[in-house]
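Given next are the chains, with one letter for each unit.
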Amino acid sequence: MSQYNDQFSAVLSRLVKTIDERKGAEPGSSYTASLFAGGVEKCAKKFGEESFELALAAASGDKSHTAEEAADVLYHYLVLLGVSGVDLDDVGQILAKREGMSGHEEKASRLK
């Protein structure tokens, strides 16, 4: 996997800002606004569909298609967080706490 870079970070930041700006917009004005209008259930369903499409693309071995589907998943993930009232910084804090911890260790810590 390539190194996370400044360009990706900048694109992600702009996407988060755009999604946030469209939260209260008229549903007919943008796809993002129409997702928010559908509520958490609609956004969760769409995220699930896109995740499944990503899994199928990855299993096919088609890197270009996998990257396209991964972009869709990231977008729908951010919309789902937004409609759920979860800030991306909150997710980042949780990841930072888990950094350096093995997956087995982290999972065991959640069971306590």
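Being a predicted model, the structure only gives us computed values, none of them experimental. (Residues numbered from 1 in each chain as written. Predicted model: local features only at pLDDT ≥ 70, side-chain atom pairs only at ≥ 80, totals over all residues. Heavy atoms only, no water.)

Asker: So what's going on with the environment of Tyr77? Which residues, and what values?
Answerer: With respect to the helices, strands and loops of the structure, Tyr77 is situated in helix α3 (residues 63-84). Along the chain, Tyr77 and Leu12 lie 65 residues apart, while their C-alpha atoms are 12 Å from each other. Those residues in contact with Tyr77 that sit more than four places away from it in its chain are Phe47, Leu88 and Val91. (Helix = DSSP H or I, 4+ residues; strand = E, 2+ residues; numbered from the N terminus. Contact = heavy atoms within 4.5 Å.)

Asker: Tell me what's going on with the packing of aromatic side chains, and back it up with residues and numbers.
Answerer: Counted by the stated rule, this structure contains two aromatic pairs. When the centroid spacing of 6.4 Å and the interplanar angle of 45° are considered together, the rings of Phe47 and Tyr77 count as tilted. With a gap of 30 residues between them, Phe47 in helix α2 (residues 31-60) and Tyr77 in helix α3 connect regions that are remote in the sequence. Judged by its relative accessible area of 22%, Phe47 is partly exposed. With a relative accessible area of 25%, Tyr77 lands in the partly exposed category. (Phe/Tyr/Trp six-rings, centres within 6.5 Å; stacked < 30°, edge-to-face > 60°. Buried < 20%, exposed > 50% of the residue type's maximum accessible area, 1.4 Å probe, protein only.)

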